Amino acid sequence: MFIKNALNAVFDAIVRNGAASGMNELEFLEEELKRWMGSKERLDMKTGLAYYSDHQDIERKNRRAIGPNGNPVDVHNLPNFKIMDNQYGILVDQKNNYLLGRPVEVKTEGKEDAYTKALARRKTMGYCISVCIEKGGVGKTVTVCNLAALMAQDGKRVLVVDMDAQGNCTYTLTGARVTDNTFDRAGVYDMFRAYGISGTRNYISHTQFDNIDIIPANGNTPMAAKQLQILEQSESTSINMFLAMCLAQVAGEYDYILIDTPPSRDVMVTNALMASDFVLIPCVCDDYSRDSVYRTVAMCQQLEHDEGEKIDVLGIILTMVEKTALTEVIRNELRESQLGSKLFAAEIRKGQAVKDSTRLGAPVVLCARSSNPAKDYAKVYAELKTRIEQEAE
């Protein structure tokens, strides 16, 4: 309570007396905080307090985390901020240099309550599907982009979430590369960074295609896993739950949410899995990819056990299929395994049109509609809808 009273008094003093003191706001804030906290040169970080070190930058942007009326204000355009003290709503940057405005009490729910409510809310709305396998080069991004395009053509509202630092999905759907800074401070990492302060809608961008929006990857995406670790500590919540809670805010606005995942087993992938109703696993017909299918299914099962939430593998899709003896061997092995019922009847044939479409930066179903891969993706989408209907029964 002492901290809260001190900061409220400091904020009010700045508003009332800053100009009269002859000091600028930065100088006055520093003096007031030192007076309240014992004239320390650097405040005790254990209290979650700090003072401005770059006031001019804050003033130029004319934004505060907490306004004079005590209500949160959008801060998604401020760089590098996170919640330092959830109880009082204090924001600081990575170096603990900033205190923004007046702290307010934030009512927090328990770990299980917050996640359960978010998941329940999302699951009554659009379907969330992760395209996931730990191996790269099997067609995850191509599958996400083409399914999104087909869903949009079907009159569905689609949100794509690009969790892969490579940003290829972002490039295909928007034309922006992660090095372009087009989505600077407006990507997946930034959404996690502002968790609890700035809403998910602030990180959704339109794509080049009607009915498709995206939470893009940007140059900060490689830091997202670290930010999730920070959130786990500050929020006392499982590290795997934050994407689900972010998407719950906007799930009612979309018929489908598609998540493109990185080729790994890290927290970016586990967040995608925990946010999803269904998981699609693309697989190239070789031994490495087949083994990765089994490991991905095992990862889903382990996560189910650890978090107590069902993760439904909707199906396995064979991609880049060629008429070879090895293809037949891998297909039969999967069909005869315990995962046989998960194997899609529709397969994606290998074709130059896919490579051409990635160079053009557009889904193959839009730029080469008569090609074999485009026809195959249409069949995959039709089967996907049938499988979802069967699962929902």
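Just above, that's the structure.
A. A look at the overall build of the protein chain. Helix and strand counts for the protein chain stand at 15 helices and nine strands. Looking at the protein chain as a whole, 56% of its 393 residues are labelled buried. By sequence separation, contacts in the protein chain at least 24 residues apart represent 74% of the contacts at least 6 residues apart. Roughly 17700 Å² of accessible area belongs to the protein chain as shown, and the carbon and sulfur atoms make up 46% of that amount.

B. Layout of the sheet that holds strand β6 (residues 212-215). Taken in spatial order, the seven strands make up an open sheet running β5-β6-β4-β7-β3-β8-β9, and their pairing is mixed. Strand pairing shows two members of the sheet lacking a second neighbour, β5 (205-206) and β9 (312-319), which therefore form its edges. Here helix α10 (residues 267-275) sits on the sheet and contacts β3 (127-131), β7 (256-260) and β8 (278-284); the angle it forms with β3, its principal contact strand, is near 150°. Along the sheet face, helix α15 (residues 372-392) touches β3, β7, β8 and β9 and points at about 165° away from the line of β9.

C. Structural context of the packing of aromatic side chains. All told, the structure shown has three aromatic pairs when counted by the stated rule. With a centroid separation of 6.4 Å and an interplanar angle of 35°, the aromatic rings of Tyr127 and Tyr256 are classed as tilted. Taken as a pair, Tyr127 in strand β3 and Tyr256 in strand β7 lie far apart in primary sequence, 129 residues in all. Residue classification places Tyr127 among the partly exposed positions, given a relative accessible area of 31%. Centroid distance Tyr195 to Phe242: 5.2 Å. Interplanar angle 85°. Geometry classified as edge-to-face. Of this pair, Tyr195 sits in the loop between α7 (188-193) and β5 while Phe242 is found in helix α9 (residues 242-247), placing the two residues 47 residues apart along the sequence.

D. Region of interest: the side chain of Asp260. Residue placement: Asp260 occurs in strand β7. A polar contact of 2.7 Å, which involves the side chain of Asp260, links it to the side chain of Thr141. The residues contacting Asp260, other than those within four sequence positions of it, are Lys140, Thr141, Val144, Val161, Asp162, Met163, Asp164 and Cys169.

E. Representation of the environment of Leu228 within the structure. With respect to the helices and strands, the residue Leu228 is situated in helix α8 (residues 224-235). Its relative accessible area of 0% is what places Leu228 among the buried residues. Sequence separation between Leu228 and Arg193 is 35 residues; the distance between their C-alpha atoms is 8.4 Å. Discounting residues that sit within four places of it in the chain, Leu228 has contacts with Phe192, Ile239, Phe242, Val267, Met268 and Asn271.

F. Fine view of the environment of Ala382. Residue position: Ala382 is located in helix α15. Relative accessible area serves as the criterion here: at 38%, Ala382 is assigned to the partly exposed category. Taking the C-alpha atoms as reference, Ala382 lies 9.6 Å from Leu150; in sequence the two are 232 residues apart.

G. Quick look at the pattern of salt bridges. All chains considered together, the criterion is met by 15 salt bridges. Asp213 serves as the salt-bridge partner of Arg157, at 3.0 Å between the closest nitrogen and oxygen. Within this pair, whereas Arg157 is found in the loop between α5 (140-153) and β4 (158-162), its partner Asp213 is found in strand β6, the two being separated by 56 residues in sequence. The partner of Arg290 in a salt bridge is Glu333, with the nearest N and O atoms 2.6 Å apart. Of this pair, Arg290 sits in helix α11 (residues 287-307) while Glu333 sits in helix α12 (residues 325-336), and the two are 43 residues apart along the sequence.

About the cut-offs
- Residues numbered from 1 in each chain as written.
- Predicted model: local features only at pLDDT ≥ 70, side-chain atom pairs only at ≥ 80, totals over all residues.
- Heavy atoms only, no water.
- Helix = DSSP H or I, 4+ residues; strand = E, 2+ residues; numbered from the N terminus.
- Buried < 20%, exposed > 50% of the residue type's maximum accessible area, 1.4 Å probe, protein only.
- Contact = heavy atoms within 4.5 Å.
- Areas by Shrake-Rupley, 256 points an atom, 1.4 Å probe, with all protein chains shown as cover.
- Pairing = 2+ DSSP bridges.
- Axes fitted to C-alpha atoms, helices over the stretch in contact; angles between N-to-C directions.
- Phe/Tyr/Trp six-rings, centres within 6.5 Å; stacked < 30°, edge-to-face > 60°.
- Polar contact = N/O pair within 3.5 Å; in protein donor to acceptor, adjacent residues only side chain to side chain.
- Salt bridge = Lys/Arg side-chain N within 4 Å of Asp/Glu carboxyl O.

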